[in-house]
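Report on the structure
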Amino acid sequence: MNKNVHQGLHGEGFIYALACAGGFTTSRMNLDLDGVDLQIAHPGPRGTTRSPKIEVQVKSSSAPQVKDGQIHQSLKVGHFNQLAGAGFQVPRFLSVVIVPTTPEEYAVCTDEHMRLSTAAYWLSLTDHETCQAGRKIPRA
Amino acid sequence: MIRAQVTDRDALAARPPSELAMYLRAHDWTIRERAGSSVQWVKTVAGEEFEALQPQESTLRDYASRVRDLLSVLAVTEDRSELDILSDISSVSMDIHTVRTFPPDNAPGMIGLEDGVQAFESLRNLVIAAAYAVSVEQPRAVQPARKSADVLKLLREVRIGPSAEGSFIISVHTPVPPRLSPSLFEEELPEPFERRVALKVYDAVRAAYNAANDALVDPSGFDVFTAAVPAGVSANLCEALIGLGGEAGHPFELALRLAPSRPIRARQFPPVRFRRDHLPVLASAAQELRERVPEEGAVVLGNVVRLHREGAGTGEITVAGAVEGDDRLRRVWMNLTDEDYSTAMLAHQEMSVVSVRGDLVRRGTRLYLTNPTAFRITAGEA
């Protein structure tokens with residue numbers, strides 16, 4: 001399996017596990033069609049969803065650039081523009097999942113617990129404007 | 001039934017918020033809250049409360065996705081395909097007439113080319129027959145070929161619907177204005193022309209069906225058809241119904257679904273199903289109606305192709321041409337006075353086009369123009 005694909009799957013799985021633990025349903029969206037990877041919502045009857053809901057674009061990184069306590073994550077312009085600005089009914093967030101460099105470390109299971117690694121951070125880009133050229137964004 | 005999920009962004013984004021709202025309201029959803037760009041609708045089904053978030057503005061950047069979310073909730077609450085629901089949302093403001101034909105020896109969803117074309121033309125003629133009956137004070141047994149302004153305007157608005165699954169199904173959609181006032185006044189306000197025509201199609205077809213059933217039992221009673229003329233039955237309607245049966249005369253069924261945005265709760269519309277044996281009865285009825293009742297005030301334009309007179313006085317001629325308002329080439333027979341007959345002889349010699357007004361009546365296989373007036377050579381006007 002392609003390393004990037006494997007890494008991306010683990011990143012989404014990380015968010016998915018968090019959502020489930022929080023009592024929310026997660027639906028897969030199509031990044032190219034919808035601009036987001038996941039919709040997280042309250043569960044409704046018979047598999048439907050209820051508000052409030054959010055939609056998330058998930059990026060994963062095994063070697064994040066960290067400066068002054070901030071993660072610098074670059075996005076393709078297209079992906080950035082799908083998150084930036086107002087005008088979405090369902091709020092959109094960017095999520096960056098920091099993952100281990102080796103896949104063996106992604107999920108480690110013992111009799112006591114399973115450890116999913118490593119950490120996920122989120123950011124809203126509502127106050128930013130969409131842009132033309134490539135750029136980096138500072139992250140908390 | 002084919003269950004499908006709709007992912008086509010353009011198809012989803014094409015549905016305006018008003019259609020979504022009308023659909024939800026017509027299917028007994030209620031508004032719980034409005035907040036910014038969305039309206040929260042709720043509905044309880046089997047003790048469980050469902051939520052549908054309806055976007056209020058089509059300019060929302062995630063509008064297509066929100067419409068898709070709405071579709072997926074509706075697919076669950078109604079237990080049917082998203083494609084069907086999307087189709088119903090698109091037609092929430094339309095009265096739909098559906099004709100289900102049962103052509104033998106065809107795979108489901110297919111019909112022979114000739115029969116298919118004839119089915120669409122017949123459905124159009126059915127709508128015309130009903131529109132005419134609504135637009136005049138006194139419905140006639142034989143309708144004129146010329147269409148009034150009201151009828152022409154309606155024809156421009158009526159749409160052919162998308163083809164549906166099943167043995168060959170065709171439909172026409174008529175847009176109707178939504179009812180804005182509360183249903184308290186449902187019975188009091190007069191219905192718009194489009195709605196009256198939609199109802200007339202159904203009522204006249206059902207009247208023809210009842211007359212055909214009566215005539216099957218009592219063959220001497222073609223009077224049942226004449227008696228049904230006030231309900232909208234005409235030779236034209238009967239001929240349109242026969243046309244729906246195709247070359248071989250297969251059974252068919254007509255149904256009406258009123259626009260959910262303008263319901264009539266007091267009435268039901270069970271489908272009207274014609275059997276093979278109804279069709280010859282309808283054919284005889286159409287012929288009888290045409291023979292008994294002339295098409296008044298018809299104008300014939302054409303060439304004199306035959307002259308016959310024995311002795312002096314009146315003579316009989318045949319004009320080959322067309323009745324105004326109808327494209328078909330016909331031969332029309334008529335008796336003319338001495339003076340007009342002379343004009344006819346001149347026209348015949350010079351091969352000029354003539355025009356004459358009268359009442360068209362069918363006798364046997366021939367078309368006759370009775371009470372001819374204003375017989376003249378048109379001098380190339382046609």
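Everything numeric in this text was worked out from a predicted model, so none of it was measured. Counting starts from 1 at the beginning of each chain's written sequence and moves along it residue by residue. Just so you know, chain letters begin at A and ligand numbers begin at 1, following the order they were written in. Totals for whole chains, interfaces and linings use all residues, but because this is a predicted model, local features are given only for residues with pLDDT of at least 70 and pairs of side-chain atoms are given and counted only at 80 or more. Hydrogens and water molecules were not included; the side-chain quantities draw on all heavy atoms of the structure.

Turning our eyes to something else, we now look at unusual backbone geometry. A:Pro52 follows A:Ser51 through a cis peptide bond whose omega is 0 degrees. Mapped onto the secondary structure, A:Pro52 falls in strand E3 (residues 49-61). Cis geometry marks the peptide bond from A:Ser117 to A:Thr118, where omega comes out at 5 degrees. For the purposes of this entry, the term helix denotes a DSSP run of H or I that reaches at least four residues, the term strand denotes a run of E that reaches at least two, and both are numbered from the N terminus. For A:Thr118, the location among the structural elements is in the loop between strand E8 (114-116) and strand E9 (119-123). At B:Met351, a position not held by glycine, the phi torsion is positive, near 55 degrees.

Looking now at the pairing of strand E11 (residues 330-336) of chain B. For a regular strand, side-chain orientation follows a simple rule: the groups alternate between the two sheet faces. All names here are of chain B. The buried label applies to any residue whose accessible area, calculated with a 1.4 Å probe on protein chains only, is under 20% of its type's maximum; exposed applies above 50%, and partly exposed to all values in between. Across the seven residues of E11, five count as buried, placing the element largely inside the fold. Here, a strand pair is defined by DSSP locating no fewer than two bridges between the strands. Linking two consecutive strands that pair antiparallel, namely strand E10 (residues 315-323) and E11, is a turn of six residues; a positive phi of about 100 degrees is found at Gly325 within it. With two bridges connecting them, E11 and strand E13 (residues 366-377) associate as parallel partners. Bridge assignment links Trp333 to a residue of E13, and that residue is Tyr368.

The term salt bridge refers to a side-chain nitrogen of Lys or Arg lying within 4 Å of a carboxyl oxygen of Asp or Glu. Tallying each qualifying case throughout the model produces 28 salt bridges over all chains. Here A:Arg50 ties to B:Glu49 by a salt bridge, and the two come within 2.9 Å at their closest N and O atoms. Placement of A:Arg50 in strand E3 and of B:Glu49 in strand E3 (residues 48-55) is noted, with the two residues assigned to different chains. With its nearest N and O atoms 2.6 Å apart, the salt bridge here joins B:Arg66 to B:Asp62. Residue B:Arg66 is classed as buried on the basis of its relative accessible area, which comes to 2%. Note on B:Asp62: relative accessible area 1%, which makes it buried.

Here we come to empty space enclosed by the protein. As defined here, a cavity is a set of points on a 1 Å grid over the protein atoms alone where a 1.4 Å probe fits but cannot get out. A pocket is an open set with protein on both sides within 12 Å along at least five of seven lines, and residues line them when an atom is within 4 Å of a point. Grid points are joined across faces, edges and corners, and a volume is the space filled by probe spheres set on the points. In total, this model carries three cavities of 30 Å³ or more according to the counting rule given. The computed volume of the largest cavity comes to approximately 50 Å³. Note on residue classes: Ala, Val, Leu, Ile, Met, Phe, Trp, Tyr, Cys and Pro are nonpolar, Asp, Glu, Lys and Arg are charged, and everything else, Gly too, is polar. Its residues assigned to classes, the lining of the largest cavity comprises five nonpolar, no polar and four charged.

Residue and element names in this part refer to chain B. What the domain assignment lists for chain B is domain 1 (9-90), domain 2 (94-180 + 190-292) and domain 3 (295-377). Summarising the inter-unit geometry, the C-alpha centres of domain 1 and domain 2 are found 33 Å apart. Two parts placed together each lose some accessible area; with a 1.4 Å probe, that loss summed over both constitutes the buried area. Summed over both partners, the interface of domain 1 with domain 2 buries about 340 Å², with 66% contributed by carbon and sulfur atoms. Area buried by domain 1 at its contact with domain 2 is led by Met22, Ala26 and Asp88, which between them contribute 70% of it. Put simply, domain 1 and domain 2 have one salt bridge between them. Across the pair Asp88 and Arg257 runs a salt bridge, and its minimum N-O distance is 3.7 Å. Whenever a nitrogen or oxygen atom comes within 3.5 Å of another N or O atom, the pair is scored as a polar contact, on the condition that within protein one atom can donate a hydrogen and the other can accept it, and that pairs from neighbouring residues in sequence are kept only if both atoms are in side chains. One can count zero residue pairs in polar contact (both at pLDDT 80 or more) joining domain 1 with domain 2. Of all elements in the fold, only helix H2 (17-26) and helix H4 (82-90) reach the threshold of two or more residues within the side of domain 1 that touches domain 2. Partitioning the side of domain 1 that touches domain 2 into residue classes produces two nonpolar, one polar and one charged. Domain boundaries shown here were taken from an automatic or database domain assignment.

All names here are of chain B. Where helices are involved, their axes are fitted lines through C-alpha atoms of the stretch in contact, as for all axes, and angles between N-to-C directions lie from 0 to 180°. One way to put it is that helix H5 (residues 113-135) packs onto helix H7 (residues 193-217) with a least axis distance of 8 Å and a crossing angle of 115 degrees. Taken together, the axes of H5 and H7 are roughly perpendicular relative to one another. The two elements H5 and H7 cross, and the hand of that crossing is right-handed. Between H5, through Leu126, Val127, Ala130, Ala131, Ala133, Val134 and Ser135, and H7, the contact on the second element is made entirely by Phe193, Arg196, Val197, Lys200, Val201 and Val205. When its residues are assigned to classes, the contact of H5 with H7 shows 10 nonpolar, one polar and two charged. Roughly parallel here means an angle under 35 degrees, roughly antiparallel means over 145, roughly perpendicular means 65 to 115, and every remaining angle is called oblique. Left-handed describes a crossing whose near helix is turned anticlockwise from the far helix through less than a right angle; right-handed describes the clockwise counterpart. Any two residues whose heavy atoms approach within 4.5 Å at even a single point are treated as in contact.

Aromatic rings from Phe, Tyr and Trp, with only the six-membered ring used for Trp, were paired whenever their centres fell within 6.5 Å, and each pair was classed as stacked if the ring planes differed by under 30 degrees, edge-to-face if by over 60, and tilted otherwise. Using the criterion set out here, one finds five aromatic pairs over all chains in the structure. For the ring pair A:Phe93 and A:Trp122, a centre distance of 5.7 Å and an interplane angle of 85 degrees mean the geometry is edge-to-face. Of this pair, A:Phe93 sits in strand E6 (residues 92-98) while A:Trp122 sits in strand E9, and the two are 29 residues apart along the sequence. Look at A:Trp122 and you get exposed, because its relative accessible area is 63%. A ring pair is formed by B:Tyr202 and B:Phe269, whose centres lie 5.1 Å apart and whose planes are at 90 degrees; its orientation type is edge-to-face. Here B:Tyr202 is found in helix H7, whereas its partner B:Phe269 is found in the loop between strand E7 (252-257) and strand E8 (272-274), with 67 residues between them in sequence.

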